[in-house]
Amino acid sequence: ILRLKAMQRQAEARNRELARYRSLQEEEQRLARFVMERLINREALGDPALSHFIASAAEFSGDLIAAARTPANVLHVLLADGAGHGLAASLNVLPVTAPFYRMTERGFGIDAIAHGIDAYSHSGAWLQKRAASLSVTKKERAARAAIFRS
């Protein structure tokens, strides 16, 4: 009986520890979701010229889609994929959004944006350099799109 009671106490202690870890993980995910929502312009993803779908295996992944229009109303789309899985992969790919949005807002062409993202990722300002991006531009009523890989 003493041995059973000791085993039960151990099991209860492990359950408390697991509950604490789960709580910490949930808090980290809430914080990550908050940060990601601030860095990605979800409103632009509702553009009528854009249809998108991302099916990731987990709540957080390295898959990213971002969209924005230039002052001349040209739609720019960024597809990026960070190496790895989960929260680490999603945080790894977020730094490409800053030059994408900033340069699109200033009216840069998609080729300059792709080069800007590439230069930024190799500058050392971004510690994790494990992401690939594809940038697409589409002018209204144009029959083609320009695609750049960085």
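Residues numbered from 1 in each chain as written. Predicted model: local features only at pLDDT ≥ 70, side-chain atom pairs only at ≥ 80, totals over all residues. Heavy atoms only, no water.

(A) Focus on the packing of aromatic side chains. Counted by the stated rule, this structure contains one aromatic pair. Over the face of the ring belonging to Tyr21 we find Arg20, whose NZ or CZ atom lies 5.0 Å from the ring centre. (Phe/Tyr/Trp six-rings, centres within 6.5 Å; stacked < 30°, edge-to-face > 60°. Lys NZ or Arg CZ within 6 Å of the ring centre and 35° of its normal.)

(B) Spatial organisation of the side chain of Thr70. Among the secondary structure elements, Thr70 is positioned in the loop between β1 (63-69) and β2 (75-82). Once you skip the residues sitting within four places of it in the chain, Thr70 turns out to touch His76, Thr104, Gly107 and Phe108. (Helix = DSSP H or I, 4+ residues; strand = E, 2+ residues; numbered from the N terminus. Contact = heavy atoms within 4.5 Å.)

(C) Expanded view of the pattern of salt bridges. All chains considered together, the criterion is met by three salt bridges. Salt-bridge contacts for Glu26 lead to Arg22; the nearest nitrogen and oxygen are separated by 2.9 Å. Of this pair, Glu26 and Arg22 both sit in helix α1 (residues 2-39), four residues apart, which is roughly one turn of the helix. With its nearest N and O atoms 2.6 Å apart, the salt bridge here joins Arg69 to Asp47. You can see Arg69 sitting in strand β1 and its partner Asp47 sitting in the loop between α1 and β1, a full 22 residues away along the chain. Judged by its relative accessible area of 25%, Arg69 falls in the partly exposed class. (Salt bridge = Lys/Arg side-chain N within 4 Å of Asp/Glu carboxyl O. Buried < 20%, exposed > 50% of the residue type's maximum accessible area, 1.4 Å probe, protein only.)

(D) Main features of the nonpolar core. Leu64, Leu78, Val96, Phe100, Tyr101, Ile113 and Ile117 are the most contacted members of the largest nonpolar core, which has 16 residues in total. For this core, the secondary-structure elements that each account for two or more residues are β1, β2, α3 (97-105) and α4 (110-121). Once residues within four sequence positions are removed from consideration, Ile113 is found in contact with His76, Phe100, Met103, Thr104 and Phe108. If you look at the next biggest cluster of nonpolar residues, it comprises seven residues, including Ala44, Leu50, Ile65 and Val77. (Core = buried A, V, L, I, M, F, W, Y, C linked by side-chain atoms within 4.5 Å.)

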